[in-house]
Amino acid sequence: AQSVTQLDSHVSVSEGTPVLLRCNYSSSYSPSLFWYVQHPNKGLQLLLKYTSAATLVKGINGFEAEFKKSETSFHLTKPSAHMSDAAEYFCVVSLLHTGSRALTFGSGTRLQVQP
Amino acid sequence: DTAVSQTPKYLVTQMGNDKSIKCEQNLGHDTMYWYKQDSKKFLKIMFSYNNKELIINETVPNRFSPKSPDKAHLNLHINSLELGDSAVYFCASSPSWAAGGSNEQFFGPGTRLTVL
């Protein structure tokens with residue numbers, strides 16, 4: 001079975017300071033890992049994805065994440081937060097080898113950016 | 001040029017009614033999905049279709065019936081609506097399993113269903 005744990009339900013940062021959203025995964029097989037963002041009353045947008053290539057993945061809007069197999073982690077970071085980054089962030093896992101191809105979502109981290 | 005579209009965006013209805021939500025994708029993907037997001041923002045897979053065939057059916061009440069008339073469309077019909085069905089329903093699509101890749105999924109804007 002696969003699962004995803006987002007360690008913080010809510011993170012608050014000041015504009016211009018670094019962002020760290022933590023995610024740990026559990027998977028018996030090589031996973032694909034994603035971060036999606038959901039702005040208020042909006043759909044889900046892909047920020048970045050890991051697919052067993054480079055362990056440091058760069059995404060849109062200055063976000064990046066590092067896949068650490070030894071720690072089973074895929075934390076999302078950004079050097080400098082912007083007000084527009086305030087949203088709900090989901091860490092997501094998908095198994096590559098299985099036919100189901102459904103995504104398993106973490107419970108989400110709400111990012112608040114203070115001026 | 002919307003990739004994945006859903007209609008309606010908002011749906012307010014009474015308990016016991018039957019309603020449908022439509023989803024269309026113009027990405028040429030073979031696989032489509034329905035997810036449910038509850039009031040706590042938790043997202044869970046409901047159904048998945050690959051080339052019009054059902055491949056995932058999670059523990060969803062049989063009041064929910066997906067229908068895929070062609071691989072670009074996956075509609076969700078709900079019978080005898082209950083208060084607990086109130087949620088946001090997201091449609092998504094991804095490239096064919098045979099095409100390999102990461103299973104990146106493209107999501108529609110969501111349909112907010114409110115059952116009174």
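Treat the numbers as computed from the prediction; the structure is a model and nothing was measured.

### Things to note about the state of the cysteines
Residues and elements named next belong to chain A.
Here's step 1: Applying the stated criterion to the full structure yields 2 disulfides over all chains.
Here's step 2: Between the sulfur atoms of Cys23 and its disulfide partner Cys91 the distance amounts to 2.0 Å. Handedness of the Cys23-Cys91 disulfide follows from its S-S torsion of about -70°: it is left-handed. In this pair, Cys23 is assigned in strand β4 (residues 23-26) and Cys91 in strand β10 (residues 87-95), connecting sequence segments 68 residues apart.

### Description of the nonpolar core
Most often, soluble globular proteins keep nonpolar side chains buried together rather than apart.
Here's step 1: Counting residues in hydrophobic clusters, the biggest one holds 26 residues, and the most contacted among them are Trp35, Leu48, Phe74, Leu76 and Tyr89 of chain A.
Here's step 2: If we ignore the near neighbours within four places in the chain, the residues touching Leu76 of chain A are Val19, Leu20, Leu21, Trp35, Leu47, Leu48, Phe63, Glu64, Ala65 and Tyr89 of chain A.
Here's step 3: The next biggest cluster of nonpolar side chains, apart from the first, holds 20 residues, and it includes Leu11, Ile21, Val60 and Ala87 of chain B.

### Some details on the interface of chain A and chain B
Here's step 1: Taken residue by residue, the interface counts 25 residues in chain A and 25 residues in chain B.
Here's step 2: Summed over both sides, the interface between chain A and chain B buries roughly 2,000 Å², with carbon and sulfur atoms accounting for 56% of that surface.
Here's step 3: Scanning the region where chain A abuts chain B turns up 1 salt bridge.
Here's step 4: For Glu104 of chain B, the salt bridge goes to Lys49 of chain A, with nearest N and O atoms at 2.8 Å.
Here's step 5: Taken together, chain A and chain B are joined by 4 residue pairs in polar contact (both at pLDDT 80 or more).
Here's step 6: Contributing elements (two or more residues each) for the side of chain A that touches chain B: β5 (31-38), β6 (44-50) and β10 of chain A.
Here's step 7: Among the elements that make up the side of chain A that touches chain B, the one with the highest residue count is β5 of chain A (4 residues).
Here's step 8: Here the side of chain A that touches chain B is built from residues that sort into 9 nonpolar, 12 polar and 4 charged.

### Things to note about the sheet that holds strand β1 (residues 4-7) of chain B
Residue and element names in this part refer to chain B.
Here's step 1: Pairing in this open sheet of 4 strands is antiparallel, and the strands run β1-β3-β8-β7 from one edge to the other. Of all the strands in the sheet, the pair left with one neighbour each is β1 and β7 (64-67). Strand-to-strand, the axes of this sheet are offset by a mean angle of 15°, without reference to chain direction.

### Description of the side chain of Ser94 of chain B
Here's step 1: Inspection of the secondary structure puts Ser94 of chain B in strand β9 (residues 87-94).
Here's step 2: Looking at Ser94 of chain B, its side chain comes within polar contact range of the side chain of Tyr33 of chain B, at 2.7 Å.

### Quick notes on the packing of aromatic side chains
By convention here, two paired aromatic rings are described through the distance between centres and the angle between planes.
Here's step 1: Applying the stated criterion across every chain yields a total of 13 aromatic pairs over all chains.
Here's step 2: Their ring planes at 25° and their centres at 5.7 Å tell us that Tyr25 of chain A and Phe67 of chain A sit as a pair that is stacked. Residue Tyr25 of chain A is found in strand β4, and its partner Phe67 of chain A is found in strand β8 (residues 64-68); the two are separated by 42 residues along the sequence.
Here's step 3: Accessibility expressed as a relative area gives 9% for Tyr25 of chain A, which makes it buried.
Here's step 4: Between the aromatic rings of Tyr33 of chain B and Tyr35 of chain B, the centroid separation amounts to 6.1 Å while the plane-to-plane angle is 35°, which identifies the pairing as tilted. We note that Tyr33 of chain B, like Tyr35 of chain B, is buried.
Here's step 5: Taken together, the aromatic side chains of Phe34, Tyr36, Phe90 and Phe105 of chain A together with Tyr33, Tyr35 and Phe107 of chain B make up a single cluster linked through ring pairs.

### Quick notes on the pairing of β4 of chain A
Regular strands show a simple pattern: their side chains alternate between the two faces of the sheet.
Residues and elements named next belong to chain A.
Here's step 1: Because side chains alternate across β4, one face comprises the buried residues Cys23 and Tyr25, and the other comprises Asn24 and Ser26, none of which is buried.
Here's step 2: Note: strand β1 (residues 3-6) against β4, 4 bridges, orientation antiparallel. Looking at the pairing, Gln6 lines up with Cys23 of β4.

How each quantity is defined
What you see as residue numbers is a count from 1 along each chain, following the sequence as written. In the order they appear in the text, chains get letters beginning with A and ligands get numbers beginning with 1. In view of the model being predicted, local features appear only for residues whose pLDDT reaches at least 70, and side-chain atom pairs are presented and counted only at 80 or more, with totals across whole chains, interfaces and linings using the full set of residues. Heavy atoms from the whole structure form the basis of all side-chain values; hydrogens and water molecules are not counted. In this description, a disulfide is simply a cysteine sulfur pair whose atoms lie within 2.5 Å. Segments assigned H or I by DSSP are reported as helices when at least four residues long, segments assigned E as strands when at least two residues long, and all are numbered from the N terminus. Residues belong to a common nonpolar core when they are buried Ala, Val, Leu, Ile, Met, Phe, Trp, Tyr or Cys residues joined through side-chain atoms within 4.5 Å. A 1.4 Å probe rolled over the protein chains alone gives each residue an accessible area, and that area as a share of the maximum for its type sets the label: buried under 20%, exposed over 50%, partly exposed in between. Note on contacts: a residue pair qualifies if any of its non-hydrogen atoms lie within 4.5 Å across the two residues. Defined here as a combined quantity, buried area equals the accessible surface (1.4 Å probe) lost by two parts on assembly, summed across both. For this analysis, a salt bridge means a side-chain nitrogen from Lys or Arg found within 4 Å of a carboxyl oxygen belonging to Asp or Glu. Whenever two N or O atoms come within 3.5 Å, that pair is a polar contact, provided that in protein one can donate a hydrogen and the other can accept it, and provided that, for residues adjacent in sequence, both atoms are side-chain atoms. Charged residues are taken to be Asp, Glu, Lys and Arg, nonpolar residues to be Ala, Val, Leu, Ile, Met, Phe, Trp, Tyr, Cys and Pro, and polar residues to be all remaining types, Gly included. If DSSP finds at least two bridges between two strands, the strands pair. Simply put, an axis is a line fit to the C-alpha atoms, just over the touching stretch for a helix, and the angle between two N-to-C directions goes from 0 to 180 degrees. Here a Phe, Tyr or Trp ring, Trp counted by its six-membered ring, pairs with any other such ring whose centre lies within 6.5 Å, and the pair is stacked when the planes are under 30 degrees apart, edge-to-face when over 60, and tilted otherwise.

These results come straight from atomic positions and should not be treated as a statement about function.
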